[in-house]
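Residue strings, one per chain:
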Amino acid sequence: MTVIRGATTISKDSPEEIRSAVSELLEQIESRNALKREEVLSIVFSSTSDIHSFYPAKAAREAGFASCSLFSAQEPEIEGGLALCIRVMLFIEKNIEPHHVYLRGARILRKDIAQKYNIAIDGPAGSGKSTAAKLLANDCHILYLDTGAMYRACALAALRAGIDVADEAQVCDLMRGIALTVLYQDGVQHTMLDKEDVTALLRSPEISMAASTVSRHPSVRMKMVEKQREIAGKMSCVLDGRDIGTFVLPDADFKFFLTAAPEVRAKRRYDEMVARGEKVDFETLKKEIVARDEQDATRQLAPLKKAEDAVLIDTSDMTIEEVLKTIKRKMQEKI
Ligand code: DC
């Protein structure tokens, strides 16, 4: 005997939604497992406690599962659990390698078996995007790609070589001779210049501004973008940057644009730097952040901009937990 698992979500509690979600789920399970209806011995459904309007088992009966035994149960209310979710377990007579099927919002329940997906989080410095992106990637058990670190590493290489970061030809020439790669150890990104791990050297204000300048050069950008697309093409990941939703991955499955008032963004950076034991003047930092935003938003190729289909989140008055919760809720609503 084989047991196949599956789950799906509905957008509202109505008999029509339940009928359509259940028949889609069962059809997908049938086709992905090459099943014949008569091979199904029984189907057990459970639905979250916010579903009252129809029995999933009845929807299965209506969808043509007439000969097997069917059963529906309701789950307890679990705080933080997925909303409006229907889970299923099919018992099959023959022995096969089961393909479990998770659809719509339920895809996030089984990241390990769901199809590859990418999440784009763009926004200006200090909007909270990298913290949110890291936590989200951790939650979803997928990779976090910090694209800003790549431009920062490029800036570091240019500053070390003593070349003018504003000179596209020189920066491009330099980068032709250096291998810029990202490696992952225990889920943490390490940015490498040739064989040197430069991750810890990338967060200074000097590097921030130089990174913004090198990122204006189309030839530099295209090299970075090619790498970013290659990584995102191979695996599920959360990418944060300025142009992920508009340019790097215009077809990303989920897109968010985080923003916050300049004062708030500067304060966040200030607190981070003070916590690292660095001496910093708040007003200078604020001016730098505003100048960098201006430079990032006015470059010709792939400027800092919200993609039309990105969800805008103003994080000025939100905690990081609230930001993360909002992102996850929006993702569930979308699938
Ligand atoms: O996200 P960050 O602060 O680490 O980024 C540093 C700079 O790199 C940013 O000012 C602009 C540039 N950048 C970019 O142009 N595109 C990205 N996807 C990420 C960063």
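Just above sits the structure.
What counts, and at which threshold
Residues numbered from 1 in each chain as written. Predicted model: local features only at pLDDT ≥ 70, side-chain atom pairs only at ≥ 80, totals over all residues. Heavy atoms only, no water. Helix = DSSP H or I, 4+ residues; strand = E, 2+ residues; numbered from the N terminus. Buried < 20%, exposed > 50% of the residue type's maximum accessible area, 1.4 Å probe, protein only. Contact = heavy atoms within 4.5 Å. Areas by Shrake-Rupley, 256 points an atom, 1.4 Å probe, with all protein chains shown as cover. Lys, Arg positive; Asp, Glu negative; His and termini not counted. Charge placed at Lys NZ, Arg CZ, Asp CG, Glu CD. Pairing = 2+ DSSP bridges. Right-handed = clockwise from strand over helix to strand, strands pointing away. Near = heavy atom within 4 Å. Polar contact = N/O pair within 3.5 Å; in protein donor to acceptor, adjacent residues only side chain to side chain. Core = buried A, V, L, I, M, F, W, Y, C linked by side-chain atoms within 4.5 Å. Axes fitted to C-alpha atoms, helices over the stretch in contact; angles between N-to-C directions. Salt bridge = Lys/Arg side-chain N within 4 Å of Asp/Glu carboxyl O.

Novice: Just to check I follow, could you spell out the overall build of the chain for this structure?
Specialist: A count of helices and strands for the chain gives 11 helices and 13 strands. The buried share of the chain, taken over its 335 residues, is 48%. Sequence separation of 24 or more characterises 77% of the internal contacts of the chain that already satisfy a separation of 6 or more. Within the structure as shown, the chain displays about 16400 Å² of accessible surface, and the carbon and sulfur contribution to it stands at 53%. Each charge class in the chain can be summarised by its mean position, and for the 47 positive and 51 negative side chains these summaries are 1 Å apart.

Novice: Got a minute to help me understand the pairing of strand S3 (residues 69-74) in this structure?
Specialist: Within a regular beta strand, the side chains point alternately toward one face of the sheet and then the other, so they alternate between its two faces. The pairing of strand S2 (residues 40-47) with S3 spans 6 bridges and is parallel. Paired with Ser47 across the bridge in S3 is Gln74. Tracing the backbone out of S2, into helix H2 (residues 56-62) and back to the parallel element S3 gives a crossover that is right-handed.

Novice: How do you make sense of the site of the ligand when you look at a structure like this?
Specialist: Around the ligand lies a shell of 16 residues, among which Arg152, Arg221, Asp243, Arg292 and Asp296 are the nearest. One of the side-chain N or O atoms of Thr147 is found 2.9 Å from a nitrogen atom in the ligand. Contacts to the ligand include Arg299, whose side-chain N or O atom sits 2.8 Å from an oxygen atom. Burial of the ligand by the protein amounts to 98% of the accessible area it has alone, namely 450 Å². Counting only elements with at least two residues in the shell around the ligand, the list comes to helix H4 (147-161), helix H6 (205-214) and helix H10 (282-298). Broken down by element, the shell around the ligand gets its largest block of residues, 4 residues, from H4.

Novice: Would you take a moment to explain the side chain of Thr315 for this structure?
Specialist: Assignment of secondary structure puts Thr315 in the loop between strand S13 (311-314) and helix H11 (320-334). The residues contacting Thr315, other than those within four sequence positions of it, are Ser127, Leu258, Thr259, Ala260, Arg268 and Val323.

Novice: What is the right way to read the nonpolar core from this model?
Specialist: Within soluble globular proteins, side chains that are nonpolar tend to cluster in buried spots. Cys154, Leu180 and Leu193 are the most contacted members of the largest nonpolar core, which totals 36 residues. Those elements that place two or more of their residues in this core are strand S7 (143-146), H4, helix H5 (168-176), strand S8 (180-185), H6, helix H7 (218-234), strand S11 (237-241) and helix H8 (244-248). With 9 residues, H4 is the single largest residue contributor to this core. Apart from residues lying up to four places away in sequence, Leu180 is in contact with Met150, Ala153, Cys154, Met175, Thr191, Met192, Leu193, Met224 and Lys227. Residues Ile4, Ala21, Leu70 and Val101 belong to the second largest nonpolar core, which totals 27 residues.

Novice: Would you take a moment to explain the sheet that holds strand S9 (residues 188-193) for this structure?
Specialist: With antiparallel pairing, the 3 strands of this open sheet are ordered in space as S8-S9-S10. The open sheet has two edge strands with one neighbour each: S8 and strand S10 (196-197). Taken together, the 6 bridges between S8 and S9 define a ladder with antiparallel strand orientation. Looking across to S9, one finds that Leu180 is bridged to Leu193. H4 contacts S8, S9 and S10 of the sheet and is inclined by roughly 30° relative to S9.

Novice: Where do I start with the sheet that holds strand S4 (residues 85-92) in this structure?
Specialist: Two strands in a sheet stick together by hydrogen bonds in their backbones, pointing the same way (parallel) or opposite ways (antiparallel). Strand order across the open sheet formed by 5 strands is S3-S2-S4-S1-S5, with mixed pairing between neighbours. Either end of the sheet is taken by a strand with one partner, and the two such strands are S3 and strand S5 (101-102).

Novice: What is the right way to read H6 from this model?
Specialist: Because the α-helix completes a turn every 3.6 residues, residues three or four places apart line up on one side. In terms of burial, H6 is largely enclosed, as 7 of its 10 residues are buried. Within H6 the residues assigned to the buried category are Ile207, Ser208, Ala210, Ala211, Ser212, Thr213 and Val214. On its buried face, H6 sits against H4, H5, H7 and H10.

Novice: Which parts of the structure should I look at to understand the side chain of Asp293?
Specialist: Take Asp293: it is sitting in helix H10. Here Asp293 is in contact with Pro124, Ala125, Arg265 and Leu304, once residues within four sequence places are set aside.

Novice: Got a minute to help me understand the pattern of salt bridges in this structure?
Specialist: Side-chain pairs of opposite charge can arise whenever the charged atoms involved come near each other. Under the criterion given, the structure shown has 19 salt bridges. For the salt bridge of Glu75 with Arg87, the shortest nitrogen-to-oxygen distance reads 2.8 Å. Here Arg87 lies in strand S4 and Glu75 lies in the loop between S3 and S4, a separation of 12 residues in the sequence. Glu75 sits in the buried class, given a relative accessible area of 18%. A salt bridge links Glu196 to Arg160; the shortest N-O distance between them is 2.9 Å. On the criterion of sequence distance, the pair formed by Glu196 in strand S10 and Arg160 in helix H4 is long-range, its members being 36 residues apart. Residue Glu196 is classed as partly exposed on the basis of its relative accessible area, which comes to 36%. Salt bridges sharing partners connect three or more residues here, namely Arg242, Asp296 and Arg299.

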